[in-house]
Amino acid sequence: MSFLNLIMENGLFLLAAMGKTLELTLLSLVFAAFIGLFFGLLNVSKNRAFNIIANIYIDCIRGVPLIVLAFFVYFGIPMATGVRLEALTAGIISLSMNAGAYMAEIVRAGIQSIDKGQMEAARSLGLPYGKAMRKVVLPQAIRVMIPSIINQFIITLKDTSILSVIGFPELVKAGQIVIARNFETFRMWAIIAVMYLIVITTLSKTARALERKISHGK
Amino acid sequence: MENRESKISVKGLRKSFGHLEVLKGMDVEVGEGEVVCLIGPSGSGKSTFLRCMNALETITAGEVIVDGYNLSDKKININKARENIGMVFQHFNLFANLNVIQNIMLAPVELKKMTKEEAHKKGMELLAMVGLAEKAEVYPSKLSGGQKQRVAIARALAMNPDIMLFDEPTSALDPEMVGEVLEVMKGLAKDGMTMVVVTHEMGFAREVASRVIFMDEGVIVEEGTPQEVLLHPTQPRTIDFLNKVL
């Protein structure tokens, strides 16, 4: 079968799977943003205990491959607790925990890149720490963080493919299903690669454009 | 001076960073409406001392009472205390994400001291006072150093503080911009603001200060009127320092 025929025949199915992939990525990143903000803030706090908690989380998650985390959440936890998770739920949990650790580092680096005089000036006016963080430091830190967040988006998008191992119907899983039917291994994987390529290149170009805009706006 | 209410009362203040003791027991009283200039070589602890006055540095030992708040007491509401103590920094520290008027309005509005309208009105008055009313909507990155520092002073004044602390307010400025900032500070002094100023501007100290304190290596070496300290110093370290800077 030609590429054109393969695309005509499986295009909608693959696009739907790409949609699932993006859905999984976006949902995971939203949760990861909260996890990252939480542990990132713990990490920049003056409280040693908070720093240690954040570092334990970050080190543990970064020290375990995503596939192991996914197996643990999808197969391990149900065995221990008797609660079965849907593949989507398990996927979102594993991906957000994983991306959350990297987000925490992005948040930490973003906050630390802001001159500490900004926090001091806000505190000197009587603003409590939380308010100073929210109104002065974070708005500036987020500008700095945007390119890294888009990078993390790309990494998480690619990492969704790992979740094919727990049977979640994202793009790689969809490819495997189609190939099991038509044995067009070479062409199908090429099509899937190009699909990823298009989405990811668009994202990284956006990231670079934003980065330029941010450094100009300074 | 004895009759005036004491605005700042420091007794036996010590401050260490790790093993390094920066302030080695300082006693200072500042009365209402006084302008105290702190001078001394770099590394003498002037800025650290000033930063202890609004608890930007934690106090290792001793007592610091500012405007009735005992800053050495960990249980006091430090934010409440800071509302009455304005601070101006060497590097301005204007909020880069906010324009000039937003910089000034942030604290009064967030701390519910004023409504947005009141804060805006007050902010514009203060900007007029420092001669920058036309810059209200401009972002800090578009201002010169002198303009930034004048906005920073207006921002601190927006909280109606009883005391203003200045940490080398003109040290980061190009020479031609020093005057405009000192003019604003002189105006404040004339209006009776209680001020503590860490400065290298001996002319300003001579003209405006009610008292000059010369510090070196974490202790007060000499203090008195500008006449006494700047023109007739008695301590060898003061004489040596003044010979170098004048």
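Details of the structure are given in the entry above.
Residues numbered from 1 in each chain as written. Chains lettered and ligands numbered in written order. Predicted model: local features only at pLDDT ≥ 70, side-chain atom pairs only at ≥ 80, totals over all residues. Heavy atoms only, no water.

Draft legend 1. Spotlight on the overall build of chain B. Of the regular secondary structure elements, chain B holds 9 helices and 10 strands. Computed over its C-alpha atoms, the radius of gyration of chain B comes to 18 Å, within 12% of the 18 Å expected for a compact globule of 246 residues. Along the longest, intermediate and shortest principal axes, the C-alpha atoms of chain B span 50 × 45 × 40 Å. Classification of the 246 residues of chain B by burial places 55% in the buried group. (Helix = DSSP H or I, 4+ residues; strand = E, 2+ residues; numbered from the N terminus. Rg over C-alpha atoms; globule rule 2.2 N^0.38 Å. Buried < 20%, exposed > 50% of the residue type's maximum accessible area, 1.4 Å probe, protein only.)

Draft legend 2. Looking closely at the packing of helix α3 (residues 100-110) of chain B against helix α4 (residues 116-129) of chain B. Residue and element names in this part refer to chain B. For the pair α3 and α4, the least separation of the axes is 9 Å and the interaxial angle reads 130°. In terms of orientation, α3 and α4 fall into the oblique class. Every pair of crossing elements has a handedness; the one defined by α3 and α4 is right-handed. Across the interface between the two elements, Val100, Ile101, Ile104, Met105, Pro108 and Val109 from α3 touch Lys116, Ala119, His120, Gly123, Met124 and Leu127 from α4. Residues belonging to the contact of α3 with α4 are distributed by class as follows: 9 nonpolar, 2 polar and 1 charged. (Axes fitted to C-alpha atoms, helices over the stretch in contact; angles between N-to-C directions. Parallel < 35°, antiparallel > 145°, perpendicular 65-115°, else oblique. Left-handed = near helix turned anticlockwise from the far one by under 90°. Contact = heavy atoms within 4.5 Å. Nonpolar A, V, L, I, M, F, W, Y, C, P; charged D, E, K, R; others polar.)

Draft legend 3. A look at the sheet that holds strand β1 (residues 6-17) of chain B. Residue and element names in this part refer to chain B. Ordered in space as β2-β1-β4-β5, the 4 strands form an open sheet in which the pairing is antiparallel. The open sheet has two edge strands with one neighbour each: β2 (20-31) and β5 (69-70). Where β1 and β2 come together, 9 bridges link them in antiparallel fashion. Within β2, the residue paired with Ser6 across the bridge is Gly31. (Pairing = 2+ DSSP bridges.)

Draft legend 4. Expanded view of the interface of chain A and chain B. In this assembly, 17 residues from chain A lie in contact with 22 residues from chain B. The junction of chain A with chain B conceals about 1700 Å² of combined surface from both sides, 57% of it contributed by carbon and sulfur atoms. Looking at the side of chain A facing chain B, the largest losses of area belong to Glu120(A), Ser124(A) and Leu125(A), adding up to 34% of the total buried there. Summed over the shared surface of chain A and chain B, the number is 3 salt bridges. Between Arg51(B) and Glu120(A) there is a salt bridge, with its nearest N and O atoms 2.6 Å apart. Scanning the region where chain A abuts chain B turns up 9 residue pairs in polar contact (both at pLDDT 80 or more). Where the side of chain A that touches chain B is concerned, the elements lending two or more residues are α5 (116-124) and α6 (129-159) of chain A. No other element matches α5(A), which puts 7 residues into the side of chain A that touches chain B. For the side of chain A that touches chain B, a count of residues per class yields 7 nonpolar, 5 polar and 5 charged. (Buried area = accessible area lost by both parts, 1.4 Å probe. Salt bridge = Lys/Arg side-chain N within 4 Å of Asp/Glu carboxyl O. Polar contact = N/O pair within 3.5 Å; in protein donor to acceptor, adjacent residues only side chain to side chain.)

Draft legend 5. How the structure looks around the pattern of salt bridges. In total, this model carries 21 salt bridges over all chains according to the counting rule given. The salt bridge partner of Glu110(B) is Lys135(A), with a shortest N-O separation of 3.4 Å. With Glu110(B) in helix α3 and Lys135(A) in helix α6, the pair connects residues from two separate chains. Classification of Lys135(A) as partly exposed rests on a relative accessible area of 32%. For Glu57(B), the salt bridge identified is with Arg51(B), shortest N-O distance 2.8 Å. A residue is classified by how much of its surface remains accessible, and Glu57(B), at 13% relative accessible area, is buried. When salt bridges with common partners are traced through the structure, they connect Arg62(A), Glu105(A) and Arg108(A) into a single cluster.

Draft legend 6. Region of the structure containing a nonpolar patch on the surface. Residues and elements named next belong to chain A. A cluster of nonpolar side chains, Val64, Ile67, Val68, Phe71, Phe75 and Val165, forms an exposed patch at the surface whose accessible area comes to about 430 Å². Checked against the element boundaries, Ile67 lands in helix α3 (residues 66-81). We classify Ile67 as partly exposed; its relative accessible area is 33%. (Patch = residues over 30% accessible without salt bridge, like charges linked within 9 Å, V, L, I, M, F, W, Y side chains within 5 Å. Areas by Shrake-Rupley, 256 points an atom, 1.4 Å probe, with all protein chains shown as cover.)

Draft legend 7. Broad picture of the pairing of strand β10 (residues 219-224) of chain B. Residue and element names in this part refer to chain B. Taken together, the 5 bridges between strand β9 (residues 211-216) and β10 define a ladder with antiparallel strand orientation. The residue of β10 that forms the bridge with Ile213 is Glu223. Hairpin connection between β9 and β10: a loop of 2 residues separates the two successive antiparallel strands, and Glu217 in this loop has a positive phi of roughly 50°.

Draft legend 8. Representation of the sheet that holds strand β3 (residues 35-39) of chain B within the structure. Residue and element names in this part refer to chain B. Across the sheet, 6 strands lie side by side as β6-β7-β8-β3-β9-β10; this open sheet has mixed pairing. Each edge of the open sheet carries a strand with a single partner, namely β6 (85-88) and β10. Across the sheet, the mean angle from the axis of one strand to that of its neighbour is 15°, orientation sign disregarded. Sheet topology note: the strand β7 (residues 163-167)/strand β8 (residues 194-198) ladder contains 5 bridges and is parallel. Bridge pairing in β8 places Ile163 opposite Thr194. Here helix α5 (residues 145-157) sits on the sheet and contacts β6 and β7; the angle it forms with β6, its principal contact strand, is near 170°. Sheet contacts for helix α6 (residues 175-190): β3, β7 and β8; angle to β8, the most-contacted strand, approximately 145°.

Remember, this is a structural readout, not a statement about activity or role.
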